[in-house]
Amino acid sequence: MLLDFNDLNVWYRKGSPVIRDLSLTLGEHEVVGLIGLNGAGKTTLINTITGVHKGYSGGVNFADRDFKLCRYTVFSEDTSFQFYSFNEYLSHVFASYGKEADAECVSKLAKGFGFEQYRTTLIRNLSTGNRRKAYLITGFALGLPLLLLDEPVNGLDFQSTEYLYEQINGYCEFGTVLFSSHVLESICLTSDRVLVLDGGAISREFKQNEIDAVAIREVLNEPTD
Amino acid sequence: MNRLIKANMKIFFGARYEGVLRSIVLSGIVYLALASSGFKVNIAVPVLALATVFGTATAFVVVLQSENTIDNIRGQLMLPEKPQEFHAAFFCSLAAHTLLTKSGLLLFAYLAVSEGPILGIAVFSVSYILSGAVAYAIGFCSEKQVITYSRVTRTRHSFILYLLRYLFGNKTYISNTVMQWAFSCFLAPIIGESGFAAAMPLGFALCCMNTPLGILLSSDKTLCQKVHSLPSQSSTVFIPYAAIVMTANLIGCGLYLASWSLLVGGIPAFMHIVAVCFSVLGAFLTVALELRFPLLNWKVESDLWRHPRKYVVAGTLLVLAASLSFIIG
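What this report covers is the structure whose coordinates are included nearby. (Residues numbered from 1 in each chain as written. Chains lettered and ligands numbered in written order. Predicted model: local features only at pLDDT ≥ 70, side-chain atom pairs only at ≥ 80, totals over all residues.)

Things to note about the sheet that holds strand β7 (residues 176–181) of chain A
All names here are of chain A.
Alright, step 1. Strand order in the open sheet formed by six strands is β5-β6-β7-β3-β8-β9, with mixed pairing between adjacent strands. The open sheet terminates on both sides in strands that have one partner only, identified here as β5 (71–74) and β9 (201–207). Each adjacent strand pair in this sheet contributes to an overall mean axis angle of 15°, direction not counted.
Alright, step 2. In this sheet, β7 lies alongside strand β6 (residues 146–150) in parallel orientation, the contact comprising five bridges. (Pairing = 2+ DSSP bridges. Helix = DSSP H or I, 4+ residues; strand = E, 2+ residues; numbered from the N terminus. Axes fitted to C-alpha atoms, helices over the stretch in contact; angles between N-to-C directions.)

Regarding the packing of helix α3 (residues 45–65) of chain B against helix α6 (residues 117–141) of chain B
Residue and element names in this part refer to chain B.
Alright, step 1. Axis separation between α3 and α6 bottoms out at 8 Å; the angle between their running directions is 30°. The orientation of α3 relative to α6 falls into the category roughly parallel. Handedness of the crossing formed by α3 with α6: right-handed. Of the residues in α6, those in contact with Val45, Leu48, Ala49, Thr52, Val53, Thr56, Ala57, Phe60, Val61, Leu64 and Gln65 of α3 are Leu119, Gly120, Val123, Phe124, Ser127, Tyr128, Ser131, Gly132, Ala135, Tyr136, Gly139 and Phe140.
Alright, step 2. A breakdown of the residues in the contact of α3 with α6 according to their chemical character gives 15 nonpolar, eight polar and no charged. (Parallel < 35°, antiparallel > 145°, perpendicular 65-115°, else oblique. Left-handed = near helix turned anticlockwise from the far one by under 90°. Contact = placed C-beta atoms within 7 Å. Nonpolar A, V, L, I, M, F, W, Y, C, P; charged D, E, K, R; others polar.)

Quick notes on the nonpolar core
Note that soluble globular proteins tend to have their nonpolar side chains buried in a common cluster.
Alright, step 1. If you look at the biggest cluster of nonpolar residues, it comprises 101 residues, and the most contacted ones within it are Ile137(A), Tyr241(B) and Val245(B).
Alright, step 2. In terms of domain composition, this core takes at least three residues from each of domain 1 (2–141) and domain 2 (159–328) of chain B.
Alright, step 3. In contact with Val245(B), other than residues within four places in its own chain, are Leu213(B), Gly214(B), Ala283(B), Thr286(B) and Val287(B).
Alright, step 4. Core analysis: the next-biggest nonpolar cluster, separate from the first, contains 20 residues, Leu202(B), Ala205(B), Cys207(B) and Leu317(B) among them. (Core = buried A, V, L, I, M, F, W, Y, C linked by C-beta atoms within 7 Å. Buried ≥ 20, exposed ≤ 12 C-beta atoms within 10 Å, placed from the backbone. Domains from an automatic or database assignment.)

Here's the deal with helix α6 (residues 158–170) of chain A
All names here are of chain A.
Alright, step 1. Here α6 spans 19 Å end to end across 13 residues, near enough to the 18 Å set by a 1.5 Å rise per residue.
Alright, step 2. For α6, every residue scored as buried is listed here: Ser160, Leu164, Gln167 and Ile168. The buried residues of α6 occupy one face: seen down the axis, they fall within an arc of 100°. Exposed positions of α6 whose direction lies more than 90 degrees from the buried face are Phe158, Gln159 and Gly170.
Alright, step 3. Lining the buried residues of α6 we find β3 (31–36), α5 (128–142), β7 and α7 (184–190). (Expected span 1.5 Å × (residues − 1). Arc of directions from axis to C-beta.)

Details of the interface of chain A and chain B
Alright, step 1. The interface of chain A with chain B comprises 28 residues on the first partner and 25 residues on the second.
Alright, step 2. Those elements giving two or more residues to the side of chain A that touches chain B turn out to be α2 (65–68) and α3 (86–96) of chain A.
Alright, step 3. Among the elements that make up the side of chain A that touches chain B, the one with the highest residue count is α3(A) (seven residues).
Alright, step 4. Grouping the constituent residues of the side of chain A that touches chain B by class yields ten nonpolar, 13 polar and five charged.

Let's talk about the environment of Gly41(A)
Residue and element names in this part refer to chain A.
Alright, step 1. Inspection of the secondary structure assignment puts glycine 41 in the loop between β3 and α1 (42–50).
Alright, step 2. Along the sequence, glycine 41 and valine 10 sit 31 residues apart, while their C-alpha atoms lie 9.3 Å from each other.
Alright, step 3. Residues contacting glycine 41, with those up to four places away along its chain left out, are Val18, Ile19, Gly36, Leu197 and Gly200.

Here is the structure:
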């Protein structure tokens, strides 16, 4: 088991939790998709697990260094390190994790995402989609036990989206992917498990053969309490 | 027009204009503290005018060149508003924000310590309106100079280089640092001529008060978030960042010592070591505070430039310097 917590409560203002009593278990080498309507708590949950959101309780310390060393997050809105080129950013992140980048693996990922010609461009000068690719390539190249992706499809072109699905599916070799999306297709094509987040709680879980776009759409269309 | 003013005032002061009350209370505290001290000084009108023009113009330019402001008003510029109405509303909101959070503090301080304030109020008002209008016209019309590097061929990271690129991409930090260094040169004769040579460490504390360099993570929220999400930032971020701040402090203290040596006279050898200690301590405290307690709850980037947290290190160094002066004096 990679990660297991119970009764997670997350808030921005104390007394008004946006995630309530959420329990989650992540096994090793699985792809877990989080889907939900806007404001369901997907980004908040991912930011909390990443350790950058401080307002939570549940007996887990997501900011613990040992846990940090096991996971990498691609945020939904990210313009960080914009005065680095991709190559410099990659070097910085690998140094943070005390790892050496596998040049061949990075080149393969850059080629797959159609990013080769942008590796020496400053991140601030990249388009939204290419910036997203820079962070995604870094995440896949690290190959950590847990990869958190928040709305990874946003901003990507068709070919890169297809390649992203391929990478998510192949990531089981290294570890587990927990990713949020509001694009049903991305969830259905990649996930071993799908968690439907509604009002800060997991309202339904679909496993393996149960994962079906029609069924998930019905759940998403159900009126909320 | 009212609709536009309301929308922009909310950008600067918050959804319920809570920033207005906070600023008025702060100005009131400054006024009462100074007035109750009984300290009176005759401030020349040109000095007040110069300080007002400089403070106001800097505040306007910092806001207008901030990427946060540019993002905030992009949506408004897209709408088919009448240009004169938009500019009038945006100028009024920005002027109110600058008056309440920056220039107003100067006026309150002046009113508290000056002996004949009527002329001063008139000079302040004229200087404020003129400098604000000119800075707005220049700041709004000039495109932000975006630094571009066509290709970065190096593949290894260097956070020092990253911060230098950031600083050259946001030149307000550079100009502020240069002004701080110029201030260091003028500080030596002021402290030296007091005849109290033991007060030299106070100058070191003031030379290390480069507060904008202490908010380089807070001013970029996504960078701050990413830095906190990554492990081992002590070696990859803390040390390079502290090295930059320490270098700026050392240059300031070096200029102060050189100026003292030229204009005042001899410097005890151990003062060089004290200068280095203040530079190192100031840098490490500044960066530790920035990493541990980043300021992320800001609406307008310029609010960061006057945030009280930034003066914690300066205050600590001043207390330390005063204690040292007392011991060696």
